[in-house]
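So the chains spell out like this:
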Amino acid sequence: MTPTPTYDPLSPAMLRDPYPTYTRMLEEQPVHWHAGMRAWVVVRHADCVRVLREHATFARDPSRVGEKIPDFRQNVQMMDPPEQNPLRQLLVSAMRSQDKDRLFREAVDFVRGRLAAQRPGEPFDLMADVSAPFALHISAALLGVPEPDDADYAEISHGIALRMDSGLAPENIPQGDAARKRLNDLGESWFPRPEGDNGLIANLIRRADKEFSGSHYIRNSAAMMFNASYGTIFAMVGNAAYLLATVPDLLPELSRPSRSATGVDELIRYDGPAQGTSRIAVADTLIEGTRIAAGDNVVTLLAAANRDPRVFADPQDINLDRRPNPHLGFGSGPHACFGSEFGKLSVTAVINALSDEGVRLRLAAEPTRRTTATVRSLDTLPVYLDR
Ligand code: HEM
């Protein structure tokens, strides 16, 4: 019998391509104890959905197992229903009130400008020259806040991405917490006087009632939203651009109007930026017959679930017409992403901008990857623009 695969998410081979290992885990070890992370790793779609939705058994909020959460880490992501409900509803309704058409036009124009600025025939780094400035610009436009300094913000975002891997690399915690505090300080600066009255922050201030106005939960959550937007858009634009540069005819196929509702979802299923998330069991339970004890950490590998053949036909193929596509790239349950429409809109804007400019991407050199496991992201993507 061949040994079951070792799940070592920060190894160079896994950073390059984790999907063959996920495929073996789906068949051979759907639930296993990872000694390094001190967590159960769960990969099958049905099990991941259950962990994410069954919040009575699986907590996001560590205080439910007696852990104290410092003020600077308290936000919507660290709360569970029913306490989470009013804050989440407030954030979701502020998000829904944003003018998506205006933001989409702004996004396409911004990317077109960046593409047009490249010198013909010269390679450039798509991550530094398009993905990062675009993610910063469009996240600031969504929240209606001034654009932070790019180098400064890239450092904050990277520190937070490293913190998400703290189960694997606890030495990242101090740097991650320092980054979170810098992010919260930035968030504080947006509150007293937001720019204009259209952005998400201005909307939040208008909607917040006595319970929330002045509360650090709302300010920390707003800062967290900025980073959730920046970090995932940066990474997803890179993952999508890599596919566009390497899969023949993907751009024209994606640009067909019939694919507008399904194409980007499929790219996120196929190679999304959020590889996993975690919860803590608050009661003894069974997953696939394995006993999980109260207090145990459970990691759900969303990107593995997205290749589960029990749910997705030909999961290793990109099928731009896939429907239904119940991928977990945006999570599920009470913590599911409520920026998903905006995330998809941003990736679609990049596709439209490439199409409108009449250009295609071609690899100029092998890309490099960031050594982060929870967020799957390129660091550099050298490309040519072919006209
Ligand atoms: C392609 C882009 C995106 C991807 C792949 C993505 C992915 C995810 C995933 C997987 C989760 C669930 C995490 C968990 O269950 O622990 C999540 C949560 C979240 N996302 Fe996104 N996201 C994207 C874009 C955005 C954007 C643009 C925003 C902007 C507001 C955003 C805001 C949030 C927030 C606030 C949460 C936490 C919700 C809660 O805990 O109640 N995301 N995202």
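What comes next is a walk through the structure. (Residues numbered from 1 in each chain as written. Predicted model: local features only at pLDDT ≥ 70, side-chain atom pairs only at ≥ 80, totals over all residues. Heavy atoms only, no water.)

1. What about helix α8 (residues 173-190)?
At step 1: Compared with an ideal rise of 1.5 Å per residue, which puts 18 residues at 26 Å, α8 spans 26 Å between its outermost C-alpha atoms and is within 8% of the ideal.
At step 2: Restricting attention to buried positions, one finds in α8 the residues Gly176, Asp177, Ala179, Arg180, Leu183, Asn184, Gly187 and Trp190. Projected down its long axis, α8 carries its buried residues within an arc of 155 degrees, all on one side. Of the residues in α8, the exposed ones pointing more than 90 degrees away from the buried face are Pro174 and Asp185.
At step 3: Looking at the buried side of α8, the elements it contacts are α6 (126-143), α7 (150-164), α9 (200-207) and α10 (216-246). (Helix = DSSP H or I, 4+ residues; strand = E, 2+ residues; numbered from the N terminus. Expected span 1.5 Å × (residues − 1). Buried < 20%, exposed > 50% of the residue type's maximum accessible area, 1.4 Å probe, protein only. Arc of directions from axis to C-beta. Contact = heavy atoms within 4.5 Å.)

2. Some thoughts on the sheet that holds strand β3 (residues 58-59)
At step 1: As summarised here, the arrangement of the five strands in space is β1-β2-β8-β5-β3, forming an open sheet in which the pairing is mixed. Because the sheet does not close on itself, it has two edges, and the strands there are β1 (31-34) and β3.
At step 2: By the bridge criterion, four bridges tie β1 to strand β2 (residues 39-42) in an arrangement that is antiparallel. Across the sheet, His34 pairs through a bridge with Ala39, a residue of β2.
At step 3: The strands touched by helix α3 (residues 45-53) within the sheet are β2, β3, β5 (277-281) and β8 (297-300), with β8 carrying the most contacts at an inclination of about 125 degrees. (Pairing = 2+ DSSP bridges. Axes fitted to C-alpha atoms, helices over the stretch in contact; angles between N-to-C directions.)

3. Concerning the pairing of β8
At step 1: As paired elements, β2 and β8 share four bridges and run parallel to each other. Of the residues in β8, the one forming a bridge with Ala39 is Asn297.
At step 2: Relative to β8, β5 is paired through four bridges, and the arrangement is antiparallel. Among the inter-strand pairings, Ile280 is bridged to a residue of β8, identified as Asn297.

4. Side note on the environment of Ser229
At step 1: Residue placement: Ser229 occurs in helix α10.
At step 2: Under the relative-accessibility criterion, Ser229 is labelled buried at 8%.
At step 3: For the pair Ser229 and Ser340, spaced 111 residues apart in the sequence, the C-alpha separation amounts to 9.3 Å.
At step 4: Discounting chain neighbours no more than four positions away, the residues touching Ser229 are Ser139, Leu142 and Phe342.

5. Quick notes on the pattern of salt bridges
At step 1: Summed over all chains, the structure comprises 26 salt bridges.
At step 2: Close ionic contact of Lys344 with Asp265 constitutes a salt bridge, the shortest N to O distance being 2.9 Å. Of this pair, Lys344 sits in helix α14 (residues 340-357) while Asp265 is found in helix α12 (residues 263-271), placing the two residues 79 residues apart along the sequence.
At step 3: A residue is classified by how much of its surface remains accessible, and Asp265, at 14% relative accessible area, is buried.
At step 4: Sharing partners across several salt bridges, the network here consists of Glu253, Arg256, Arg259 and Asp321. (Salt bridge = Lys/Arg side-chain N within 4 Å of Asp/Glu carboxyl O.)

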